[in-house]
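One letter stands for each residue in the lines below.
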Amino acid sequence: MIVKARSFPYSLLGLQALQRRIPKNHPQFDNIKERVRTTAAGVNGEKVLDDVFTKYQFKFDHFIFHDLNLTSTGKFQIDTLFLSSRGAFILEMKNIAGRISFPDQWNQMIRVLDNGQTDAFECPSIQLERNCYLLEDWLQARDLSIPVSGAVVFTTSRQRIENTRPHLKILFPNEIPIFLRKRELTPQMLDTKTLSYIVDQLMKGHVDYNPYPMCEALRIHPTEIKSGVFCEKCGTLGMTRIYRGWGCNACRNVSKTAHRQAITDWFMLISETMTNRDCREFLHLPNNYTATRLLGELPLEPNGVKRGRYYRFPLEKMILE
Ligand SMILES: [Zn+2]
């Protein structure tokens, strides 16, 4: 059964907001654009991995955790963890197309595209091994000694793997069910009680990764972020406040909700908190009263009183429909 579904792609949403709100001539613009592209490709790869487990039903007791963030001797993130009475199996996703090889002399993975472009990546065996160690440490801290192993899953269908490393297990999505079924033929290592204890502990240990606010990590100064409200229809920045709504001067669209994305963008990019004044300035509002009313529309958590009042946006409430 799937115990933990994949977390919402917070990083992708934040990067998209950043791409919208930094000037095209900003020195980081191309970098941000490339990160949006690779992060979106990663999200698609995760879907491929998720599909394997939603479509295939295993007939033995098992627990699936997508996107697990834990802390033991270090922080670590596991793309998918498959837990059964045979132990823990980590699946690390790689979303890389092209001709792939693993040179003997370096701990790298080399990818050559059809046009000849060659890129070097850290060998996925390093990350996989690191995650196996960190999960073992995490289990040991709870007096649990269970077998931990794993594989790297290539989620795009457009790659050719030329060689591999002796100790690196590589799987393609459609091989996963057969591989995990065969693994169940090995001797049982855990009883049902221990398994459910581990499941419980993993769920308690997981904390959603919060990448916000993104400006700080990417060393972009908040003053470099374009303020204002975007038109949901034509994408133009600078909707003007009209009676109980927003008007777009470019396409004449009228919206009652355009400020919601702008307020969310503030929390994703600029700061963990927003004051009435921040809101008024960022949304170009005429007065405090309007700012208070618009802030009250979102599931924000207010703190402080009167002039010292500020709002926070809890991560799990940030997903706007
Ligand atoms: Zn418009």
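Novice: Is there a simple way to think about helix 1 (residues 10-21) in this case?
Specialist: Structurally, the α-helix is built with 3.6 residues per turn, so residues lying three or four positions apart point the same way. Along its twelve residues, helix 1 runs 17 Å from first to last C-alpha, staying within 8% of the 16 Å computed at 1.5 Å per residue. Taken together, the buried positions of helix 1 are occupied by Tyr10, Leu12, Gly14, Leu15, Ala17, Leu18 and Arg21. Buried residues in helix 1 make contact with helix 2 (29-55), helix 6 (214-217), helix 7 (258-269) and helix 8 (276-283).

Novice: So what exactly am I meant to see when it comes to the pattern of salt bridges here?
Specialist: For the coordinates displayed, the defined rule picks out twelve salt bridges. Across the salt bridge formed by Arg20 and Asp265, the nearest N and O atoms sit 2.8 Å from each other. Here Arg20 is found in helix 1, whereas its partner Asp265 is found in helix 7, with 245 residues between them in sequence. The salt bridge involving Glu297 is made with Arg260; its shortest N-O contact spans 3.3 Å. Remark: Arg260 occurs in helix 7 and Glu297 occurs in helix 9 (residues 288-297); sequence separation between them is 37 residues. Salt bridges sharing partners connect three or more residues here, namely Arg20, Arg21 and Asp265.

Novice: Explain the nonpolar core to me, please; I cannot follow it from the model alone.
Specialist: One recurring pattern in soluble globular proteins: nonpolar side chains tend to sit buried together. In terms of nonpolar packing, the biggest core is built from 43 residues, with Leu18, Ile225, Phe267, Leu269 and Leu283 touching the most fellow members. Of all the elements in the fold, those that place two or more residues in this core are helix 1, helix 2, helix 6, helix 7, helix 8 and helix 9. Per-element accounting of this core gives the leading share, seven residues, to helix 7. Dropping the residues within four chain positions of it, Leu269 is found in contact with Gly14, Ala17, Leu18, Arg21, Pro213, Met214, Cys215 and Ile225. Counting 33 residues, the second largest nonpolar core, distinct from the first, contains Ile90, Leu139, Leu190 and Val199.

Procedures and definitions
- Residues numbered from 1 in each chain as written.
- Predicted model: local features only at pLDDT ≥ 70, side-chain atom pairs only at ≥ 80, totals over all residues.
- Heavy atoms only, no water.
- Helix = DSSP H or I, 4+ residues; strand = E, 2+ residues; numbered from the N terminus.
- Expected span 1.5 Å × (residues − 1).
- Buried < 20%, exposed > 50% of the residue type's maximum accessible area, 1.4 Å probe, protein only.
- Contact = heavy atoms within 4.5 Å.
- Salt bridge = Lys/Arg side-chain N within 4 Å of Asp/Glu carboxyl O.
- Core = buried A, V, L, I, M, F, W, Y, C linked by side-chain atoms within 4.5 Å.

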